[in-house]
Amino acid sequence: MKQLFTGGQRILTKKYAFFLLTVILFWLKTYFVYLTQFNLGVNDKMQQFLLFLNPVSSALLFFGIAIIFKGRLQQWLLIIINFVLSFWLYANIVYYRFFSDFITFSTMTQSTGNAGDLGGSIASLMNGYDVLFFIDTLIVLSLVLFRIARPSAERWNIRAIFTVFVSAVMVFIVNLSLAETDRPELLSRTFDRNYIVKYLGAYNFAIYDTIQNARSNAQRAMADSSDINDIQNFTKSNFAAPNPNYYAKAKGMNVIYISLESLQSFAINYKMPNGQEVTPFLNKLTAGADDTTYFKNFYHQTGSGKTSDAEFMMENSLFPLSQGPVFQMKGLNTYQAAPAMMNQRGYETAVFHGNVKSFWNRDQMYKSLGYERFFDSKYYDMSAENTKNYGMKDKPFLKETIPYLSNLKQPFYSKLILLSNHFPFGMDKEDTTFQPGDFGDSVVNNYFQSANYMDQAVEQFFTDLKKAGLFDNTVIIMYGDHYGLSENHNDAMAKVLGKDEITPFDNAQLQKVPLFIHIPKVAGGTVSTYGGEVDVRPTLMSLLGINTKNYIQFGTDLFSKQHRQIIPFRNGDVITNKYSIVGGNVYANNDGKKVEDSLGKPYEDMAKKMLDYSDKVIYGDLLRFYHPKGFVAPDVSKINYNTDQKIPPDSNYGVSSTQTKK
Ligand code: GP9
Ligand code: MN
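Procedures and definitions
Residues numbered from 1 in each chain as written. Chains lettered and ligands numbered in written order. Predicted model: local features only at pLDDT ≥ 70, side-chain atom pairs only at ≥ 80, totals over all residues. Heavy atoms only, no water. Helix = DSSP H or I, 4+ residues; strand = E, 2+ residues; numbered from the N terminus. Rg over C-alpha atoms; globule rule 2.2 N^0.38 Å. Buried < 20%, exposed > 50% of the residue type's maximum accessible area, 1.4 Å probe, protein only. Lys, Arg positive; Asp, Glu negative; His and termini not counted. Charge placed at Lys NZ, Arg CZ, Asp CG, Glu CD. Pairing = 2+ DSSP bridges. Donors = N, O, S within 2.8 Å, 3.2 Å for Na, K, Ca; no water. Tetrahedral: all angles 85-135°; square planar, octahedral: opposite > 155°, others 65-115°. Near = heavy atom within 4 Å. Polar contact = N/O pair within 3.5 Å; in protein donor to acceptor, adjacent residues only side chain to side chain. Areas by Shrake-Rupley, 256 points an atom, 1.4 Å probe, with all protein chains shown as cover. Nonpolar A, V, L, I, M, F, W, Y, C, P; charged D, E, K, R; others polar. Axes fitted to C-alpha atoms, helices over the stretch in contact; angles between N-to-C directions. Contact = heavy atoms within 4.5 Å.

## Describing the overall build of the protein
Scanning the protein for helices and strands turns up 24 helices and 15 strands. Here the C-alpha radius of gyration of the protein, 28 Å, is about what a compact globule of 662 residues would show, namely 26 Å. With the C-alpha coordinates aligned to their principal axes, the bounding extent of the protein is approximately 90 × 65 × 55 Å. Within the protein, the proportion of its 662 residues that are buried is 58%. The centroid of the 64 positive side-chain charges in the protein is displaced by 8 Å from the centroid of its 59 negative side-chain charges.

What follows is the structure, encoded as structure tokens:
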């Protein structure tokens, strides 16, 4: 024993030994926590390796601060830093036990309700064995207290200190590049906090989150209330007066939005070489079945936020950002979104999605949009046969949603987000008998199968809504959220469309996504009006008989005679009912031939103005200064998605007790 003690003493008096020991113990502890405390969905060798590697860079960086100092001070700094980091990790462990999510700057500083939800229950989330999460702190502390690790009097030389910091940066760069090869655009798209922790680690995530937050706050601080004036004038003067044939035709009715994952318009009314229709049910709707209007010249306008960008436009009539998903980056802004507007008119509001709630930061953003209830994967039977890829398959998802929907207090405003038709579109054999395509590209081939599956799921859902007695008093808006087949698949797409090649003009037309609106007792059919995702909210509001002239919105009512047929895209392209401006070239829509650039100029100017104004609203969080008559911003601290939502609620979330509902 004595020998061991003196042996330990000898090693630990070596200048670098105590530092290295602290780093290694902390590294292993963190890895152990990843494996046992979080559900990170590690599913390949590379991810396993990155999970193991990722604590290293932050450990070197943080503990590196101590080695600038010498002797006893260095030792105590190492212990303190170890304690602070361990405490942070432990706080995340406790938080995760309740929320299945990681702590962010905003959940800590702004009262979004999350921390409040924990309240007195924190103690119940802690266990006796939790002291193990501080085991490394205790070890290094004892080594110092019992003088096994004696402080070395020597100061580290600059080269050694420098080496530690350079190694931290190098390890981080290697880590990030490997992560980016496994999951491209990891940081720029920020799908889910779980992903960042899995690839880069809990501590690096905290750094990343702090930087994001500081940037966002700076943009917000620079804005002031006068910034909204021009924008208000612009949107007001561009308001399109509603069409009396449609205005208020759905007043007081329920609303169901359905996000048709990755569905592009080319698939609608498309026949496979063997003559089979891909979407036979939706095709009937294009002919006006079930009082449905189909917009065949409707485009998605999403950026890197994909599904969530589409959701954002549908409910705010603002554009998504050109960089990064607005759901992730601006989840705490003030919005004047459709769910909040409807909630204040006595509607119950709910969103349904068979994936974890943190994906696309939905759990935070939905509160800002004013959704009272969020039925995420927790509410669904996520057994293996029901799930694929990100989550629930469409058929069981829609089946299980019906009882929840029927339980909502009417009228309700709801959104259902489908998942099955998602890249790479593979399906389980037992779910389909549809022949895949034969176009020399498995992604494209499978797309037809999964689009067909979605079509069947939607058909069943319509039948079930009728059975539940909801169909005749519900407006149903179904939209393809964004493209499913990127330009990388254009060789096969040329075969699909029977063309020699896909030109830039063709590619722009492939961004068409279907939009269907079922309006009870209003005759439908296919219309050729040009429009995009920002136009849907004003359209819906007109149908519900709500005047939005005083709202900041960049779309116009698709049914209005004054509807503006200019569709700006985040990549700078613009499409109108006459022209497609793609990559700076102007093409005529009727024949796809190039025309003079000057013909596109006025539309480009208008599109740019719309995008700039919308960006200003979002980056400056300008809606906090703007108060349309009759609108009260939802009180996010009153919204709670963690209670059991199966019981019909009293529907008072989002409106504080001093405000009365209309
Ligand atoms: C994930 C689902 C799909 O929850 O919305 O996301 P996507 O990749 O299409 O944006
Ligand atoms: Mn999507």
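Once you've had a look at it, read on.
## Points about the sheet that holds strand β14 (residues 585-588)
Read from one edge of the open sheet, five strands run β11-β12-β13-β14-β15, paired in antiparallel fashion. Lying at the two open borders of the sheet, with one neighbouring strand each, are β11 (566-568) and β15 (594-595). The pairing of strand β12 (residues 574-576) with strand β13 (residues 579-582) spans two bridges and is antiparallel. Bridge assignment links Ile575 to a residue of β13, and that residue is Ser580.

## Digging into the coordination of the manganese ion (ligand 2)
For the manganese ion (ligand 2), the full set of protein donor atoms is Glu261 (OE), Glu261 (OE), Thr307 (OG1), Asp481 (OD) and His482 (NE2), at a range of 2.1 to 2.3 Å. Between the six donor atoms coordinating the manganese ion (ligand 2), the angles at the centre fall across 56 to 165°, so the site counts as irregular. One chain supplies every donor for the manganese ion (ligand 2), spaced along it as E-x45-T-x173-D-H. In this pair, Glu261 is assigned in the loop between β1 (254-260) and α14 (280-286) and Asp481 in the loop between β8 (474-480) and α21 (490-497), connecting sequence segments 220 residues apart. Residue classification places Asp481 among the buried residues on the basis of a relative accessible area of 0%.

## With respect to the site of ligand 1
All residues adjacent to ligand 1 are Glu261, Lys306, Thr307, His353, Asn355, Phe359, Trp360, Arg362, Leu419, His422 and His482. His353 is positioned such that a nitrogen or oxygen atom in its side chain is 2.6 Å from an oxygen atom of ligand 1. The side chain of Arg362 places a nitrogen or oxygen atom 2.7 Å from an oxygen atom of ligand 1. Protein contacts shield 98% of the accessible area of ligand 1, which totals 310 Å² for the unbound molecule. Classifying every residue of the shell around ligand 1 by side-chain character gives three nonpolar, five polar and three charged.

## Section: the sheet that holds β1
One open sheet holds the eight strands; their spatial order is β4-β3-β7-β1-β8-β9-β2-β10, and the pairing between them is mixed. Single-partner strands in this sheet number two, and they are β4 (373-375) and β10 (525-532). Put simply, the sheet's adjacent strands are angled 15° from each other on average, direction ignored. Summarising the sheet, β8 and strand β9 (residues 515-518) pair through four bridges and their orientation is antiparallel. What sits directly across from Tyr479, in β9, is Leu515. Contacts from helix α20 (residues 442-467) reach β1, β7 (412-417) and β8, with the element oriented near 170° to β1.

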